[in-house]
Amino acid sequence: SAGGALQVAIAGALNAISELSGVFDGPPARASFPYATLDASTERDWSHKSGTGREVLVAITLWDDQPVRLHALADVVETALE
């Protein structure tokens, strides 16, 4: 699906961020902070009579035990995904 392909691509970009301990589909039972969770499973059909299309909603959640680091980490994530 389009969401699955997009999720794989985003996870690859996020895994390259050294500040993150990992990228997961949901909150893991045991993971060191900071980490990201990723969900791209909400899709809508945007097809029309002259073409096909999909809208995929992506949610990236950053988790950390030191919230002060989240703003800088969010900037790193945004840059990695541009």
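So, here is what we can say about the structure in this document. Numbering of residues begins from 1 in every chain and follows the order in which that chain's sequence is written. Only residues with pLDDT of at least 70 get local features here, since the model is predicted, and only at 80 or more are side-chain atom pairs given and counted; chain-wide, interface and lining totals rely on the full set of residues. The side-chain quantities take in all heavy atoms of the structure and omit both hydrogens and water.

Okay, the nonpolar core next. Residues belong to one nonpolar core when they are buried, are Ala, Val, Leu, Ile, Met, Phe, Trp, Tyr or Cys, and are joined through side-chain atoms within 4.5 Å. We call a residue buried when its accessible area falls under 20% of the maximum for its residue type, exposed when it is over 50%, and partly exposed in between, using a 1.4 Å probe and counting protein chains only. In terms of nonpolar packing, the biggest core is built from 11 residues, these being Ile10, Ala11, Leu14, Ile17, Leu20, Val23, Ala36, Leu38, Leu62, Leu73 and Val77. Secondary structure follows DSSP: runs of H or I at least 4 residues long count as helices, runs of E at least 2 residues long count as strands, and numbering of each begins at the N terminus. Within the residue set of this core, elements represented by two or more residues are α1 (2-15), β2 (35-45) and α2 (70-81). With three residues, the single largest contributor to this core is α1. Whether two residues are in contact is decided by their heavy atoms: any pair within 4.5 Å suffices. The contact partners of Ile17, leaving out residues within four places of it in the chain, are Leu73, Val76, Val77 and Ala80.

Turning our attention to a nonpolar patch on the surface. Exposure above 30% relative accessible area and no salt bridge define the residues that can form patches, which grow by joining like charges within 9 Å and nonpolar side chains of Val, Leu, Ile, Met, Phe, Trp and Tyr within 5 Å. The method behind every accessible area is Shrake-Rupley, applied with a 1.4 Å probe, and residues are considered shielded solely by the protein chains displayed. Salt bridge, as used here, is a side-chain nitrogen of Lys or Arg placed within 4 Å of a carboxyl oxygen of Asp or Glu. Residues Leu6, Val58, Ile60 and Leu81 make up a contiguous nonpolar surface patch of about 260 Å² in total accessible area. Structurally, Leu81 is set in helix α2. By relative accessible area, Leu81 is classed as partly exposed at 34%.

A full pass over the atoms with the stated rule returns four salt bridges. Glu43 is the salt-bridge partner of Arg54, the closest N and O atoms lying 3.1 Å from each other. Of this pair, Arg54 sits in strand β3 (residues 54-63) while Glu43 sits in strand β2, placing them 11 residues apart in sequence. Overall, the relative accessible area of 46% leaves Arg54 in the partly exposed class. The closest approach of N and O atoms between Asp64 and Arg69, which form a salt bridge, is 2.6 Å. Connected through salt bridges with shared partners, the residues Asp64, Asp65 and Arg69 form a single ionic network.

Next up on the list: the packing of α1 against α2. When two helices pack together, their arrangement is given by the angle between the helix axes and the distance between those axes. All axes are obtained by fitting lines to C-alpha atoms, using only the stretch in contact for helices, and the reported angles, taken between N-to-C directions, cover 0 to 180 degrees. Remark: α1 packs on α2, axes separated minimally by 9 Å, with the N-to-C direction vectors making an angle of 125 degrees. Comparing their axes, α2 and α1 come out oblique. As α1 runs across α2, the sense of the crossing is right-handed. Of α2, the residues touching α1 (which contributes Ile10, Ala13 and Leu14) are Val77, Ala80 and Leu81. Split by residue class, the contact of α1 with α2 holds six nonpolar, no polar and no charged. Just so you know how the angles are binned, under 35 degrees is roughly parallel, over 145 roughly antiparallel, 65 to 115 roughly perpendicular, and the rest oblique. Each helix crossing is assigned a hand: it is left-handed if the near helix lies turned anticlockwise from the far helix by less than a right angle, otherwise right-handed if that turn is clockwise. The nonpolar class holds Ala, Val, Leu, Ile, Met, Phe, Trp, Tyr, Cys and Pro. Asp, Glu, Lys and Arg form the charged class, and all remaining residues, Gly among them, are polar.

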